[in-house]
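If you want the building blocks of each chain, they are given just below.
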Amino acid sequence: MTTIIRRSVLGIAGLAVAGGLAAGPLNHQDATPVTSGLAPVAAVQESKPDTAALLPHGEPSGQSRIELNDEQVTNTKEIIAATKKAGMDERAAVVAIATSLQESKLENLGHLGDRNDHDSQGLFQQRPSSGWGTVEQITDPQYATTAFLKGLKQVDGWEDMSLTRAAQTVQVSAFPDHYAQWEKQAADLVAEHWNS
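Rules of the game
Residues numbered from 1 in each chain as written. Predicted model: local features only at pLDDT ≥ 70, side-chain atom pairs only at ≥ 80, totals over all residues. Heavy atoms only, no water. Helix = DSSP H or I, 4+ residues; strand = E, 2+ residues; numbered from the N terminus. Expected span 1.5 Å × (residues − 1). Contact = heavy atoms within 4.5 Å. Polar contact = N/O pair within 3.5 Å; in protein donor to acceptor, adjacent residues only side chain to side chain. Salt bridge = Lys/Arg side-chain N within 4 Å of Asp/Glu carboxyl O. Buried < 20%, exposed > 50% of the residue type's maximum accessible area, 1.4 Å probe, protein only.

(A) Looking closely at helix α6 (residues 141-153). Taking 1.5 Å of rise per residue, 13 residues should cover 18 Å, and α6 covers 18 Å from first to last C-alpha, within 8% of that figure. Contact partners of the buried residues in α6: α3 (70-85), α4 (90-104), α5 (135-138) and α7 (163-171). Measuring from the side-chain oxygen of the N-cap residue of α6 to the backbone nitrogen of Gln142 gives 2.8 Å; that N-cap residue is Asp140.

What follows is the structure, given as structure tokens:
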């Protein structure tokens, strides 16, 4: 009985080896070791957003740039997450991040006393007295971004507008042209963090 089992096992093993040779390439040149009997699978990495989608009007001139600390990077990621959750694209994230760069340098600001513009607070310097939400809401990055994006969605044709015009239509700033200076850094941040 033992001899029969041994011959069966050896026969099956021989078929497996012969089958593997017949099914696989005869001249295997891949230097990657196959440890499990399966060919290695390459990890699929999502590509970065297309520059043309991020900067549809081309590379802007007269740009400003700041170094970001950990809090500012976290806030950038919060804006991107809220944009995705709202079902909006990378360009919407660029507009939102550029707006926040202008309004707060991507810092979730509380009330600044005499240095404050009325009762403006948070990443987008939204005002409770203007109906943006409570202080607690507008200092929540997800809420504040969603509120900004809701306003952006209501701007007819925002996708084809210049960034500063789209942002200004939502924000109604006393300095409407200042948003444009942050477009390139905002696009770079979206390209870096959209898939992270």
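(B) Just the pattern of salt bridges, in detail. By the definition in use, this model includes 4 salt bridges. One salt bridge in this structure joins Lys184 and Glu59, with 4.0 Å as the shortest N-O distance. Taken together, the positions of Lys184 in helix α8 (residues 183-193) and Glu59 in the loop between α2 (51-54) and α3 put the pair 125 residues apart, joining distant regions of the chain. For Glu59, a relative accessible area of 56% corresponds to the exposed category. Notably, a salt bridge pairs Asp188 with Lys184, separated by 2.6 Å at the nearest N-O pair. Of this pair, Asp188 and Lys184 both sit in helix α8, 4 residues apart, which is roughly one turn of that helix. The network of salt bridges with common partners includes Glu59, Arg65, Lys184 and Asp188.

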